[in-house]
Amino acid sequence: MDRFLLMTCFARAVETGSFTAAARDLSLGQPNVSRYVAALEEHLQTRLLHRSTRKLALTPEGERYYADVRRILDAVDESESSFRSNVDPSGLLRVACPTALGHAFVLPHIPAFLERYPKLTLDLQISDRYVNLVDEGTELAIRIGQLEDSALRARRIGSYERVFVASESYLARRGVPQTPEDLRDHDCVIYTLLSSGATWRFRETDVPVSGRLRVNSPEAVSSAVIAGLGIGHGPAWLFDEGLRSGRLKFILKGYSAPAVPVQIVYVANRLLPTRATVFMDFIADVFSRIPAFGGTVKPVIAGQQ
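I will try to describe carefully the structure that is included in this document.

Calculation rules
- Residues numbered from 1 in each chain as written.
- Predicted model: local features only at pLDDT ≥ 70, side-chain atom pairs only at ≥ 80, totals over all residues.
- Heavy atoms only, no water.
- Axes fitted to C-alpha atoms, helices over the stretch in contact; angles between N-to-C directions.
- Helix = DSSP H or I, 4+ residues; strand = E, 2+ residues; numbered from the N terminus.
- Parallel < 35°, antiparallel > 145°, perpendicular 65-115°, else oblique.
- Left-handed = near helix turned anticlockwise from the far one by under 90°.
- Contact = heavy atoms within 4.5 Å.
- Nonpolar A, V, L, I, M, F, W, Y, C, P; charged D, E, K, R; others polar.
- Salt bridge = Lys/Arg side-chain N within 4 Å of Asp/Glu carboxyl O.
- Buried < 20%, exposed > 50% of the residue type's maximum accessible area, 1.4 Å probe, protein only.
- Core = buried A, V, L, I, M, F, W, Y, C linked by side-chain atoms within 4.5 Å.

## Focus: the packing of helix α1 (residues 3-16) against helix α3 (residues 30-44)
Two elements in contact, α1 and α3, have axes whose closest approach is 9 Å; the angle formed by their N-to-C orientations is 115°. Judged on the interaxial angle alone, α3 and α1 are roughly perpendicular. By crossing handedness, the relation of α1 to α3 is classed as left-handed. When α1 is examined against α3, the residues Arg3, Leu5, Leu6, Met7, Cys9 and Phe10 are found in contact with a partner set consisting of Val33, Tyr36, Val37, Ala39, Leu40 and His43. Considering only residue class, the contact of α1 with α3 consists of ten nonpolar, one polar and one charged.

Structure below.
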């Protein structure tokens, strides 16, 4: 039996979440797709998928095999597309993106991207969960901060300055910190997914901070600071609503923090399909026009005119 067909059916079943949807995408009957995946499992002598009436779920062996299969299929697709340079990019592109960046700066531009590339399907995974590109078969991820994984390569698309803010009510109650060291005596809202943990970095020093509230969402940091629960730390655009309304105030203006890079990362030894490179070019152009990331044009924010 055609092993390439078996791998294709398996990959589409994983990506669509069901044999029925995979069969529709591949113009095959649902029983055939199910049979082909079962034949692949028999050939490998291992179970790749857990079946239930609601959904398909990868086994640990299936997760590893899917990542390998996705690389193989992408390599074939890229090899063929190199002989069809005039053909529009096509297929499924998987991109991971942090929530704050995704909602404010990426999603508003996706309609234009999909209109430009009508044969391409985008699986945009907006989450603050760390996505392992090697194991999960995701081609690209937009990441904030320095690249630390040697298995990845990065394309820098911008950077931003971190600021320190608090509400009028909090400052009236607890006083205004005058130096970074003063933060030790204040309640700080801790973003638990920050790579530096409960340590806030300034150019001259690092300061360990603490507080009664810890959250795993940037938006929750902003909401908590507006509610007067403590001092917040992050990009100015995260606190834009509170700053414009006057509910939040900048503090520690004379103490700068290191600029934070924003990058698109991909697996170093994986052949990137054309659909991935055109997305990188598109998003790099978008970010080059956003002042918050060093660009020159006002960004389009969802929900604003």
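## Observations concerning the pattern of salt bridges
Under the counting rule described, the total for this entry stands at 16 salt bridges. In this structure, Glu15 engages Arg12 in a salt bridge whose closest nitrogen and oxygen atoms are separated by 2.6 Å. Remark: Arg12 and Glu15 occur in helix α1; sequence separation between them is three residues, near one turn of the helix. The buried category is assigned to Glu15, whose relative accessible area is 19%. Asp281 serves as the salt-bridge partner of Arg155, at 2.7 Å between the closest nitrogen and oxygen. Taken together, the residues span a long stretch of sequence, with Arg155 in strand β6 (residues 152-160) and Asp281 in helix α11 (residues 274-288) at a distance of 126 residues. With a relative accessible area of 32%, Arg155 lands in the partly exposed category. Residue Asp281 is classed as partly exposed on the basis of its relative accessible area of 42%. Among the ionic contacts, a cluster of salt bridges with common partners joins Arg12, Glu15, Asp25, Arg70, Arg94, Glu139 and Arg275.

## Observations regarding the side chain of Thr8
Checked against the element boundaries, Thr8 lands in helix α1. Once you skip the residues sitting within four places of it in the chain, Thr8 turns out to touch Leu26 and Leu73.

## So, the nonpolar core
One finds Leu101, Leu140, Ile142, Phe279, Ile283, Phe287 and Phe293 to be the most contacted residues of the largest nonpolar core, which totals 45 residues. Tallying contributions element by element places α11 first for this core, with nine residues. Apart from the residues within four sequence positions on either side, Ile283 is in contact with Val106, Ile142, Ile157 and Ile264. Among the nonpolar cores identified, the runner-up in size contains 20 residues, and Ala13, Ala22, Val37 and Leu49 belong to it.

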